[in-house]
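The residues making up each chain are set out below.
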Amino acid sequence: VQLVESGGGLVQPGGSLRLSCAASGFTFSRYSLRWYRQAPGKERELVASISSAGGSTWYADSAQGRFTISRDNGKNTVYLQMNSLKPEDTAVYYCNTNHIIVNFGYWGQGTQVTVSS
């Protein structure tokens, strides 16, 4: 099992970033996928999720209307488009699936997002 997050960086408030997560080692298309984030000194929180076929999505209140989760099952990749970024979005962002968390306890290295002027 492997999850490789990328696309983070330093962006000014109001800016945008597109995160990607390339997955391997499991049947990607079978599982719903999630994006989490963890800010310094805070617990990891769920930001968004997408169903296995991509037809259903969910967003935390903090992400609703600004973030869009999507997936490409042909590329085993899940994305998080983040617009109108705020300083409080600063965190390390991780993708995962409940299947991996429960059965393997595995997390990728994450990708750092810093929103600052």
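Computed from a predicted structure; not experimentally measured.

Caption draft 1: Here's a closer look at the sheet that holds strand β3 (residues 17–24). One open sheet accounts for 4 strands, arranged β1-β3-β8-β7; its pairing is antiparallel. Here the strands that pair on one side only, and so sit at the sheet edges, are β1 (2–6) and β7 (67–72). Here the strands of the sheet are splayed against their neighbours by 15 degrees on average, with no regard to which way each runs. Pairing geometry for β3 and strand β8 (residues 77–82), over 6 bridges, is antiparallel. Pairing of S20 across the sheet is with Y79, part of β8.

Caption draft 2: Spatial organisation of the environment of V4. Mapped onto the fold, V4 is located in strand β1. On a C-alpha basis, the gap between V4 and T68 in space is 19 Å, while along the polypeptide they are 64 residues apart. What V4 contacts, discounting residues up to four positions off in sequence, is S20, C21, A22 and Q109.

Caption draft 3: Local environment of the pattern of salt bridges. Considering all chains together, one arrives at 3 salt bridges under this definition. Two residues, D89 and R37, come together in a salt bridge whose shortest N-O distance is 2.9 Å. Remark: R37 occurs in strand β4 (residues 33–38) and D89 occurs in the loop between β8 and β9 (91–96); sequence separation between them is 52 residues. Note on D89: relative accessible area 0%, which makes it buried. Note on R37: relative accessible area 6%, which makes it buried. Across the pair D89 and R66 runs a salt bridge, and its minimum N-O distance is 2.7 Å. Remark: R66 occurs in the loop between β6 (57–59) and β7 and D89 occurs in the loop between β8 and β9; sequence separation between them is 23 residues.

Caption draft 4: A look at the nonpolar core. The biggest cluster of nonpolar side chains holds 29 residues, and the ones touching the most others in it are W35, F67, I69, V78, L80, M82 and Y93. For this core, the secondary-structure elements that each account for two or more residues are β3, β4, β5 (45–50), β7, β8, β9 and β10 (111–115).

Caption draft 5: Broad picture of the pairing of β3. As paired elements, β1 and β3 share 5 bridges and run antiparallel to each other. From the neighbouring strand, S6 faces β3, where its bridge partner is S20.

Caption draft 6: Up close: the sheet that holds β4. Strand order in the open sheet formed by 6 strands is β2-β10-β9-β4-β5-β6, with mixed pairing between adjacent strands. Only two strands of the sheet have a single neighbouring strand rather than two, namely β2 (9–11) and β6. Neighbour-to-neighbour, the strand axes of the sheet open up by a mean angle of 25 degrees, direction not taken into account. Bridge count between β9 and β10: 3 bridges; the pairing is antiparallel. Its bridge partner lying in β10, Y93 is registered against T111.

Caption draft 7: Molecular detail of the state of the cysteines. All told, the structure shown has 1 disulfide when counted by the stated rule. Here C21 connects covalently by a disulfide to C95, the sulfurs 1.7 Å from one another. Residue C21 is found in strand β3, and its partner C95 is found in strand β9; the two are separated by 74 residues along the sequence. Comparing C21 with C95, the two get one shared label, buried.

Parameters and conventions
- Residues numbered from 1 in each chain as written.
- Predicted model: local features only at pLDDT ≥ 70, side-chain atom pairs only at ≥ 80, totals over all residues.
- Heavy atoms only, no water.
- Pairing = 2+ DSSP bridges.
- Helix = DSSP H or I, 4+ residues; strand = E, 2+ residues; numbered from the N terminus.
- Axes fitted to C-alpha atoms, helices over the stretch in contact; angles between N-to-C directions.
- Contact = heavy atoms within 4.5 Å.
- Salt bridge = Lys/Arg side-chain N within 4 Å of Asp/Glu carboxyl O.
- Buried < 20%, exposed > 50% of the residue type's maximum accessible area, 1.4 Å probe, protein only.
- Core = buried A, V, L, I, M, F, W, Y, C linked by side-chain atoms within 4.5 Å.
- Disulfide = S-S within 2.5 Å.

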